[in-house]
Amino acid sequence: MSVEKASYQVLIQEDNFELRLYEPMVLVTSRESDLSGGNGFDRLFRYIKGGNQKSQKIAMTAPVIDTLEGQHSTTSFVMPRQLSMADLPLPSDPLLNPREIKARKIAAIRFPGTINSRELENRKVELQDWLKKKGLHPLGPMELARYNPPYVPPFARRNELMVEVRQTDNVVYLKRRF
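So, a few notes on the structure that sits alongside this text. Remember, it's a predicted structure, so these values are computed and weren't measured experimentally.

Here's the deal with the packing of aromatic side chains
Thought 1: Scanning the model with the defined rule gives 4 aromatic pairs in all.
Thought 2: With a centroid separation of 4.9 Å and an interplanar angle of 40°, the aromatic rings of Tyr8 and Tyr22 are classed as tilted. Residue Tyr8 is found in strand β2 (residues 8–14), and its partner Tyr22 is found in strand β3 (residues 17–22); the two are separated by 14 residues along the sequence.
Thought 3: Geometrically, the ring pair formed by Phe41 and Phe77 is edge-to-face, given 5.2 Å between the ring centres and 70° between the ring planes. With a gap of 36 residues between them, Phe41 in helix α1 (residues 38–48) and Phe77 in strand β7 (residues 73–78) connect regions that are remote in the sequence.
Thought 4: Here Phe41 falls in the partly exposed class, since its relative accessible area comes to 28%.
Thought 5: For Phe77, a relative accessible area of 3% translates into the label buried.
Thought 6: Taken together, the ring pairs in this structure connect Phe41, Phe45 and Phe77 into an aromatic cluster.
Thought 7: Residue placement shows Arg20 over the ring face of Tyr8; its charged tip is 4.3 Å from the ring centre.

About the cut-offs
- Residues numbered from 1 in each chain as written.
- Predicted model: local features only at pLDDT ≥ 70, side-chain atom pairs only at ≥ 80, totals over all residues.
- Heavy atoms only, no water.
- Phe/Tyr/Trp six-rings, centres within 6.5 Å; stacked < 30°, edge-to-face > 60°.
- Helix = DSSP H or I, 4+ residues; strand = E, 2+ residues; numbered from the N terminus.
- Buried < 20%, exposed > 50% of the residue type's maximum accessible area, 1.4 Å probe, protein only.
- Lys NZ or Arg CZ within 6 Å of the ring centre and 35° of its normal.

Structure below.
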């Protein structure tokens, strides 16, 4: 069963690294208590299963995005493309926050497996090194993008560590649409 994914164009691809241009998107976000994403994920899942002011069911999409900012993590669900902020049902849960993200450039490193703090730190260092080589500067916190349900075996999971970037050098782009 295929789910809708956030839409982007690949501008540069090298090994497990990509520079992407993401289209605008709508997210619904919850504060998170830990890296496992349990509390926020559960609140967001209830929201898309009809726990909103219209009792409207919303399709699950990918990725689920965890923003990693010290002790203040968040979990976000990307809303289907056909839902604008005006069409989005208001959450019944006051801890959920709908927001619109403008088009942005993202640098990402893709990796399989189970998520833990050591793995994330290693991938963060790899991504930061790649950013320096490409003349890219991070604009915000790192984000962890998870594309698979928990029953997918770790070796087959698609995870990404991503960060919004700005460009300082002239870069030639290879464009592919996803």
